[in-house]
Amino acid sequence: MSNSTADSATIYVLNGPNLNLLGLREPEIYGSQTLDDIAGMLEDRGRELGLEIDMRQSNHEGHLVDWLHEAQAEGVKAVLLNAGAYTHTSVAIHDAIKSIKVPVIEVHLSNPHKREGFRHHSYVGMAAQGTVCGFGANSYIVALEAAARL
Ligand code: DQA
């Protein structure tokens, strides 16, 4: 028997600095799909899972902090967060994740653990429920499927 309700739950998908340039930016690392392409993939899969996707991008750290607070205030089901380079630097984003009850899933297109040493530390991962990385645009889809099961 299904427990689903008529209203679909919302998932925030928050993207940090330089991800607006996906498709152009180092395609050998990040692939040729744009952020709009990924939004389309998420919306298609979200429809199948009964989840509404709210996709955002900012190059500014404070916007990501504000949107994490908003996720709590709006009662969203989960947040997928690709904080870009702020992953490796931002205590403010770490604290924001810990300040809310909404589960946050860390997402990366690349696998930071296979890359430069400065990418091996993640302030996001230390606070997130879990991490999906290394599958290109499909990292977002795997993370959405995990969010659907929370
Ligand atoms: C990234 C990995 C980060 O190390 C990098 O700074 C990014 C993209 C990824 O999705 O693979 O901007 O988050």
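This report concerns the structure included in the present document. (Residues numbered from 1 in each chain as written. Predicted model: local features only at pLDDT ≥ 70, side-chain atom pairs only at ≥ 80, totals over all residues. Heavy atoms only, no water.)

### Some words on the packing of helix α2 (residues 35-49) against helix α5 (residues 138-148)
Then, in step 1: Across the interface, α2 lies against α5 with an axial gap of 10 Å and an inter-helix angle of 30°. With respect to each other, α2 and α5 are oriented roughly parallel. As α2 runs across α5, the sense of the crossing is right-handed. For the pair α2 and α5, contact is made by Leu35, Ile38, Met41, Leu42, Arg45, Gly46 and Leu49 and by Asn138, Tyr140, Ile141, Leu144, Glu145 and Ala148, respectively. (Axes fitted to C-alpha atoms, helices over the stretch in contact; angles between N-to-C directions. Helix = DSSP H or I, 4+ residues; strand = E, 2+ residues; numbered from the N terminus. Parallel < 35°, antiparallel > 145°, perpendicular 65-115°, else oblique. Left-handed = near helix turned anticlockwise from the far one by under 90°. Contact = heavy atoms within 4.5 Å.)

### So, the environment of glutamate 43
Then, in step 1: Mapping glutamate 43 onto the fold places it in helix α2.
Then, in step 2: For glutamate 43, a relative accessible area of 35% translates into the label partly exposed.
Then, in step 3: Separated by 84 residues in the primary sequence, glutamate 43 and alanine 127 have C-alpha atoms spaced 26 Å apart. (Buried < 20%, exposed > 50% of the residue type's maximum accessible area, 1.4 Å probe, protein only.)

### Side note on the sheet that holds strand β3 (residues 78-82)
Then, in step 1: Read from one edge to the other, the open sheet built from five strands follows the order β2-β1-β3-β4-β5, with strand pairing classed as parallel. Two strands in the sheet have a free side with no partner beyond their single neighbour: β2 (51-57) and β5 (130-133). Each strand of the sheet is rotated relative to its neighbour by a mean of 20°, with strand direction disregarded.
Then, in step 2: Where helix α3 (residues 61-74) meets the sheet, its contacts fall on β1 (9-15), β2, β3 and β4 (104-108), and the angle it forms with β1 comes to roughly 175°. (Pairing = 2+ DSSP bridges.)

### Digging into the side chain of serine 122
Then, in step 1: With respect to the secondary-structure elements, serine 122 resides in the loop between β4 and β5.
Then, in step 2: According to the relative accessible area criterion, serine 122 is buried, its value standing at 15%.
Then, in step 3: One polar contact links the side chain of serine 122 to the main-chain amide nitrogen of valine 124, over a distance of 3.3 Å.
Then, in step 4: With sequence-adjacent residues up to four places away left out, serine 122 is seen in contact with Thr87 and Glu106. (Polar contact = N/O pair within 3.5 Å; in protein donor to acceptor, adjacent residues only side chain to side chain.)

### Re the pairing of β1
Each regular strand displays side chains that alternate between the two surfaces of the sheet.
Then, in step 1: With five of seven residues buried, β1 lies mostly within the body of the structure.
Then, in step 2: In terms of strand pairing, β1 meets β2 through seven bridges, oriented parallel. Within the sheet, the bridge partner assigned to tyrosine 12 lies in β2 and is aspartate 54.
Then, in step 3: In the sheet, β1 pairs with β3 via five bridges, with the strands oriented parallel. The residue of β3 that forms the bridge with asparagine 15 is asparagine 82.

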